[in-house]
Amino acid sequence: MNSPRTPMVEHHELALGKQLGQGGQGTVYEVTNRKINEAAGDGWDVVYKEYGPAVLPALRADALASRAELIGGLNAADAKWLCERTAWPAAVVQRQGHTCGFLMRAVPERFRFAFQNLGGASGTQRLATVEYLLNDDAYVAGIGLTISSRDRLAILGDLATTLSRLHRLGITVGDLSPKNLLFATAPHAECFLIDADAMRLRGVTVLPQAETPDWQIPDGEEKATRASDVYKLALLAVRLIARDQTATDPAALAPVGPALIDLAHSSLDPDPTGRPTPALWAETLAAAATTASTAPASAPAGPGPGAASAPVRQTRRTRQNRRTPGSPLPGGAAAPGRKPAKTGAGFAASVAVVLVALLALAATHSNQSDSGTASGSVTPAVSDFPAVPDSLPTDPATTDPDPVDPDPATSEPAISEPDTPSESPTPDAIADAEVGSCFHDDGTSDDPDLVATDCTDGAFKVVRIYSDTTDLSSCDNVTDNDESVSSARNDLVLCLSYQSPGGTAYHAHQGDCVYGSSGTGPWSTQTCQTGNFKVLATYRGTSDDSKCNSWPHYNQWKHFGVASDSGLDVLLCLSMNYPDDAGYATKNECLLKSGSGQNVTFTNVGSCAASNVVVNGRTSRYDAGAFCGNYGWTTWKPSDYPSLAYTVCWRWK
């Protein structure tokens with residue numbers, strides 16, 4: 001039950017605007033009919049995060065409520081600071097008495113920038129996530145960011161200071177990664193943390209702790225501790241200075257001083273008890289910044305006049321439709337065109353009324369050949385009670401209302417080569433392409449060779465054509481786009497979709513339902529129904545099914561391999577659609593049993609008080625009534641996947 005001082009808002013009272021982002025945990029929306037902290041002036045824009053149905057059973061509503069209550073329990077200085085540096089939950093949102101999400105401050109405008117295409121064309125405003133800075137200086141400058149070496153150190157220093165103060169308040173970040181960390185350099189270097197609901201407050205989490213791929217702490221270590229935050233701070237320091245997304249060697253810090261190398265070594269110690277404090281990082285970074293260069297990197301020169309010709313490819317992944325699951329959902333995105341949040345001396349007096357204002361507003365989841373069919377399942381041990389997963393990707397992401405994530409391997413400008421005169425012109429397949437045309441690519445990742453072909457398995461189909469441009473990012477939002485090819489000669493871009501022999505499930509999105517046999521046949525997308533699988537996450541360029549382990553209710557994986565380009569491989573993390581909530585019920589979980597005979601169903605209604613039975617046993621054997629003894633039981637088995645069967649024992653409350 002929520003405390004009377006928990007800021008609460010009923011969902012039907014929210015006027016929701018456009019969708020700002022979607023990830024593994026839920027969806028973020030603009031809110032148009034209310035603000036928070038209005039006593040400070042114009043108030044702050046607010047956004048709403050609605051949790052997805054798949055995560056609600058694991059959601060701790062009391063933990064979310066405690067976060068919304070925190071601001072009112074802090075002194076004015078700490079409350080002001082926390083609201084300025086994080087998208088902290090400000091109010092709990094309910095539907096008919098059940099928690100469904102929360103309100104939070106939108107990201108302040110100073111943590112956005114005008115993204116430029118690498119060809120120089122100005123683009124849209126984007127969140128200034130630190131992941132953009134994990135690239136070489138030419139890329140960073142080319143997209144419109146003005147960042148010096150001193151700025152990099154100052155951003156790190158501000159983050160270290162932020163972590164130190166959060167720790168003092170009993171808050172640990174846990175999933176500290178460049179996707180949920182924003183930065184600004186004007187008027188001074190500072191950071192802003194989103195996904196604040198995923199943080200740990202006084203040892204308690206709202207949802208099982210997640211970790212972004214390549215940003216994990218050592219195996220076996222407790223997540224979301226002060227020591228784990230320091231470990232990830234050190235990883236970020238190494239990668240930010242190295243301009244590299246996966247670097248781990250502290251030697252990369254040599255250009256900014258030996259003291260930081262030593263500090264990173266101790267911070268990356270597998271033994272968490274030997275790691276230093278964020279305060280020591282802040283002090284050492286401040287000293288290093290005093291001698292760092294203030295000169296911003298410059299953008300690379302563009303191609304010279306007359307450059308044209310053979311089509312040049314750059315593989316691009318569609319971020320919006322194939323979101324990286326390890327990417328956490330951003331905590332808040334400000335609506336375009338809104339004014340920057342006002343701050344000032346009046347904040348201290350107004351912080352106490354933030355909750356009051358919200359309350360007043362509430363009144364209004366065996367490798368095969370290249371045919372692309374490998375799959376496997378995760379089978380629970382007989383008579384074991386499955387543990388609740390200890391990590392839950394958010395974003396992955398993770399994720400980011402902006403559809404294109406920074407990736408130097410996929411973000412370089414198209415390269416042109418001089419025309420070679422020919423006595424007899426050959427047909428130009430690029431120029432003659434239409435939507436629905438198909439090609440084989442007989443070239444390499446740097447020099448494509450598109451050859452027209454029938455639309456058979458293994459071909460690339462044209463799904464969109466953009467004229468008067470060679471900007472490969474044009475295809476980023478095109479559904480099922482797998483790579484893009486530009487032609488400077490024809491001044492166009494082709495958006496291409498790979499025709500997988502593995503079936504239409506190759507292009508399944510998170511939340512879609514798919515099915516195929518456990519053998520080598522194709523998999524297809526289907527209407528969600530009992531006995532097929534829901535897509536929890538998709539991963540590109542990998543066959544490592546261990547990436548699925550942290551997803552809740554994961555019990556099956558499916559890999560689609562592409563021999564000609566492993567970067568086009570797709571891994572689906574899948575969850576069996578069981579008949580009802582007994583399918584994933586764990587020991588001591590409360591359920592509502594209803595119906596009779598063949599129509600009995602078990603539902604997790606989110607409240608033990610509103611339930612009538614308690615789960616007291618589970619086995620992966622089918623029809624194992626003897627396992628339950630004198631208790632009631634329910635059982636089910638999928639025909640093609642017997643290892644995913646269950647018998648669940650229950651007792652009346």
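Keep in mind that what you see is a predicted model, and the values were worked out from it rather than measured.

## Focus: the pairing of strand S29 (residues 646-652)
Within S29, five of the seven residues are buried, leaving the element largely enclosed by the surrounding structure. Direction of pairing for strand S27 (residues 613-619) relative to S29: antiparallel, over a ladder of six bridges. Note on S29: the bridge partner recorded for Thr619 is Thr647. Relative to S29, strand S28 (residues 632-636) runs antiparallel, the two sharing five bridges.

## A closer look at helix H1 (residues 61-73)
Compared with the 18 Å implied by 1.5 Å per residue over 13 residues, the 19 Å span of H1 between its first and last C-alpha is a close match. Where H1 bends most, the angle comes to about 25 degrees, and this point is Arg67. Those residues of H1 lying buried are Ala63, Leu64, Ala65, Arg67, Ala68, Glu69, Leu70 and Ile71.

## A look at the state of the cysteines
Think of a disulfide as a covalent bridge from one cysteine sulfur atom to another cysteine sulfur atom. This model, assessed by the stated rule, comprises six disulfides. One disulfide bridge connects Cys513 with Cys528, the sulfur atoms lying 1.9 Å from each other. Handedness of the Cys513-Cys528 disulfide follows from its S-S torsion of about 95 degrees: it is right-handed. Highlighted residues: Cys513 in strand S20 (residues 513-515) and Cys528 in the loop between strand S21 (524-526) and strand S22 (533-540), separated in sequence by 15 residues. On the basis of relative accessibility, which here comes to 43%, the residue Cys528 falls in the partly exposed class. With its bonded cysteines labelled in order along the sequence, the chain shows the pairing 1-2, 3-4, 5-6, 7-8, 9-10, 11-12.

## As for the packing of helix H6 (residues 258-267) against helix H7 (residues 278-289)
Between H6 and H7, whose axes approach to 10 Å, the crossing angle comes to 160 degrees. Taken together, the axes of H6 and H7 are roughly antiparallel relative to one another. Considering only the axes of H6 and H7, their crossing is left-handed. Residue-level inspection shows Ala259, Leu260, Leu263, Ala264 and Ser267 of H6 in contact with H7, the latter providing Leu280, Trp281, Thr284, Leu285 and Ala288.

## Brief notes about the sheet that holds strand S5 (residues 89-95)
The six strands are arranged S1-S5-S6-S4-S3-S2 in an open sheet whose pairing can be described as mixed. Pairing within the sheet leaves two strands with one partner each, and these edge strands are strand S1 (8-10) and strand S2 (16-22). Mean inter-strand twist for the sheet, computed between neighbouring axes without regard to direction, equals 35 degrees. Of the pairings in the sheet, the one linking S1 to S5 comprises three bridges and is parallel in character.

## Observations regarding helix H5 (residues 226-242)
Its 17 residues place the ends of H5 24 Å apart at the C-alpha level, agreeing with the 24 Å of an ideal helix rising 1.5 Å per residue. Phi turns positive, to about 55 degrees, at Arg243, one or two residues after H5.

## Notes on the confidence of the model for the chain
For the chain, the mean per-residue pLDDT works out to 80, and 77% of the residues sit at or above 70. Taken as a whole, residues 379-426 scores under 50 in pLDDT and shows 156 contacts with residues more than four places along the chain or in a different chain.

## Some remarks on the sheet that holds strand S26 (residues 601-603)
If you walk across this open sheet you meet the five strands as S26-S25-S27-S29-S28, and the pairing is antiparallel. The open sheet has two edge strands with one neighbour each: S26 and S28. Direction aside, neighbouring strands of the sheet carry axes that sit 40 degrees apart on average.

## Remarks on the packing of aromatic side chains
Counted by the stated rule, this structure contains 19 aromatic pairs. An angle of 85 degrees between the planes, with centres 5.5 Å apart, marks the rings of Tyr578 and Trp636 as edge-to-face. One end of the pair, Tyr578, is in the loop between strand S24 (570-576) and strand S25 (590-594); the other, Trp636, is in strand S28, and 58 residues separate them in sequence. Among the residues examined, Tyr578 registers a relative accessible area of 11% and is labelled buried. Centre to centre, the rings of Phe602 and Trp650 are 6.0 Å apart; their planes meet at 55 degrees, and the pair counts as tilted. With Phe602 in strand S26 and Trp650 in strand S29, this pair connects stretches of sequence that are 48 residues apart. Its relative accessible area of 3% is what places Phe602 among the buried residues. Ring pairing ties together the aromatic residues Phe460, Tyr498, Tyr506 and Phe560, which thus form one cluster. It is Arg105 that lies over the ring of Trp44; its NZ or CZ is 3.9 Å from the centre.

## Considering the side chain of Lys232
Residue position: Lys232 is located in helix H5. Not counting residues up to four positions away in its chain, the partners in contact with Lys232 are Gly174, Asp175, Leu176, Glu211, Trp215 and Ile217.

## Focus on the environment of Cys608
Residue placement: Cys608 occurs in the loop between S26 and S27. According to the relative accessible area criterion, Cys608 is partly exposed, its value standing at 41%. For the pair Cys608 and Glu589, spaced 19 residues apart in sequence, the C-alpha separation works out to 8.1 Å. In this view, Cys608 contacts Cys590 and Lys653; residues no more than four positions away in its chain are not counted.

## Here we look at the pattern of salt bridges
Pairing between side chains of opposite charge can happen when their charged atoms approach one another. In this structure the tally under the stated criterion is 17 salt bridges. With its nearest N and O atoms 3.5 Å apart, the salt bridge here joins Arg152 to Asp137. Note that Arg152 is positioned in helix H4 (residues 149-168) and Asp137 in helix H3 (residues 137-142), a separation of 15 residues in sequence. Judged by relative accessible area, which is 1%, Arg152 ranks as buried. For Glu211, the salt bridge goes to Lys232, with nearest N and O atoms at 3.0 Å. Residue Glu211 is found in the loop between strand S12 (200-201) and H5, and its partner Lys232 is found in helix H5; the two are separated by 21 residues along the sequence. Accessibility assignment for this pair places Glu211 and Lys232 in one class, buried. Beyond isolated ion pairs, a larger network of salt bridges with shared partners links Glu84, Arg105, Arg110 and Glu190.

## Quick notes on the packing of H4 against H7
Packing of H4 against H7 leaves a shortest axis separation of 8 Å and a crossing angle of 160 degrees. Classified by the angle their axes make, H4 and H7 are roughly antiparallel. The handedness of the crossing between H4 and H7 comes out as left-handed. Taken together, the residues of H7 that come into contact with H4 (itself represented by Arg150, Leu153, Leu156, Gly157, Ala160, Thr161, Leu163, Ser164 and His167) are Pro278, Ala279, Trp281, Ala282, Leu285, Ala288 and Ala289. When its residues are assigned to classes, the contact of H4 with H7 shows eleven nonpolar, four polar and one charged.

## Observations regarding the environment of Pro108
Counting through the fold element by element, Pro108 comes out in the loop between strand S6 (98-105) and strand S7 (112-116). Taking the C-alpha atoms as reference points, Pro108 and Glu84, separated by 24 residues in sequence, lie 8.7 Å from one another.

## Looking at unusual backbone geometry
Going from Ala186 to Pro187, the amide bond is cis rather than trans, its omega being 5 degrees. Inspection of the secondary structure assignment puts Pro187 in the loop between strand S10 (181-184) and strand S11 (190-193). You will see that Asp491, though not glycine, has its phi angle at about 50 degrees, which is positive. Position of Asp491 relative to the elements: it lies in the loop between strand S18 (483-487) and strand S19 (492-498).

Reading the values: the criteria
Residues numbered from 1 in each chain as written. Predicted model: local features only at pLDDT ≥ 70, side-chain atom pairs only at ≥ 80, totals over all residues. Heavy atoms only, no water. Buried < 20%, exposed > 50% of the residue type's maximum accessible area, 1.4 Å probe, protein only. Helix = DSSP H or I, 4+ residues; strand = E, 2+ residues; numbered from the N terminus. Pairing = 2+ DSSP bridges. Expected span 1.5 Å × (residues − 1). Bend = angle between axes of the 7 residues up to and from the residue. Disulfide = S-S within 2.5 Å. Axes fitted to C-alpha atoms, helices over the stretch in contact; angles between N-to-C directions. Parallel < 35°, antiparallel > 145°, perpendicular 65-115°, else oblique. Left-handed = near helix turned anticlockwise from the far one by under 90°. Contact = heavy atoms within 4.5 Å. pLDDT = per-residue confidence, 0-100. Phe/Tyr/Trp six-rings, centres within 6.5 Å; stacked < 30°, edge-to-face > 60°. Lys NZ or Arg CZ within 6 Å of the ring centre and 35° of its normal. Salt bridge = Lys/Arg side-chain N within 4 Å of Asp/Glu carboxyl O. Nonpolar A, V, L, I, M, F, W, Y, C, P; charged D, E, K, R; others polar.

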